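# Understanding the architecture of this molecule
Listed below are the residues making up each chain.
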Amino acid sequence: MLELRPHQREVVDKIKLGFENGHQCQLLYAPTGFGKTEVAIYLMNSAYAKGKRSAMIMDRIVLVDQTSQRLEKYGIPHGVMQS
């Protein structure tokens, strides 16, 4: 199971509050090592649990592969589209 660290949990709470306040387009900007991918996976899993779909857009194939491996690790159904 995916466990977030306290600073990641705080960010998730702020993002969820943003959605509640009508902000449908939000950006998480954080330094290397913050755990942005883990936060994104957590949010994607939350959307999946509600019957919603989500997507991650990446500019590096290696990031796609790493993220897909993490999604598999947590048992989150997903697909990959890349050119």
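Scroll up a little and you will see the structure.
Along every chain, residues carry numbers that run from 1 in the direction the sequence is written. Whole-chain, interface and lining totals are the exception, using all residues; otherwise, since this is a predicted model, local features are given only for residues with pLDDT of at least 70 and side-chain atom pairs are given and counted only at 80 or more. Excluded from the side-chain calculations are hydrogens and water; all other atoms, namely the structure's heavy atoms, are used.

Along its length, the protein chain carries three helices and zero strands. Secondary structure of the protein chain in N-to-C order comes out as α-α-α. Here the radius of gyration uses the C-alpha set of atoms, whereas the globule reference equals 2.2 Å times the residue count to the power 0.38. Taken over the C-alpha trace, the protein chain has a radius of gyration of 13 Å; the compact-globule value for 83 residues is 12 Å, and the two agree within 12%. Based on the C-alpha atoms only, the size of the protein chain along its principal axes is roughly 35 × 30 × 25 Å. Within the protein chain, the fraction of its 83 residues that count as buried is 28%. Within the structure as shown, the protein chain displays about 6600 Å² of accessible surface, and the carbon and sulfur contribution to it stands at 54%. Each helix is a run of H or I in the DSSP string that is no shorter than four residues. Each strand is a run of E no shorter than two, and both are numbered from the N terminus. Each residue gets one of three labels from its accessible area relative to the maximum for its type: buried under 20%, exposed over 50%, partly exposed in between, using a 1.4 Å probe on protein chains only. Computed with a 1.4 Å probe, the accessible areas rest on the Shrake-Rupley method; for each residue, only the protein chains presented here act as cover.

With that settled, the discussion passes to the nonpolar core. Note on terminology: a nonpolar core comprises buried Ala, Val, Leu, Ile, Met, Phe, Trp, Tyr and Cys residues joined through side-chain atoms within 4.5 Å. Among the nonpolar cores identified, the biggest contains 12 residues, and these are L2, L4, V11, V12, I15, A30, F34, V39, I41, Y42, L71 and I76. For this core, the secondary structure elements donating two or more residues are α1 (6-20) and α2 (36-49). Residues in contact with I15, not counting those within four places in the same chain, are Q26 and L43. Pairs of residues are marked as contacts when any of their non-hydrogen atoms sit within 4.5 Å.

For a helix, the expected span equals 1.5 Å multiplied by the number of residues minus one. With 13 residues, helix α3 (residues 61-73) extends 18 Å from end C-alpha to end C-alpha; this agrees with the ideal 18 Å at 1.5 Å per step. Residues V64, T67, S68 and L71 constitute the buried set of α3. One side of α3 holds all its buried residues, which, seen down the axis, span an arc of 105°. Opposite the buried face of α3, at more than 90 degrees from it, the exposed residues are Q69 and K73. Against the buried residues of α3 lie α2. Positive phi appears at G75, one or two residues downstream of α3, with a value of about 70°. Here the arc refers to the set of directions running from the helix axis out to each C-beta atom.

By themselves, these are just geometric observations and shouldn't be taken as functional.
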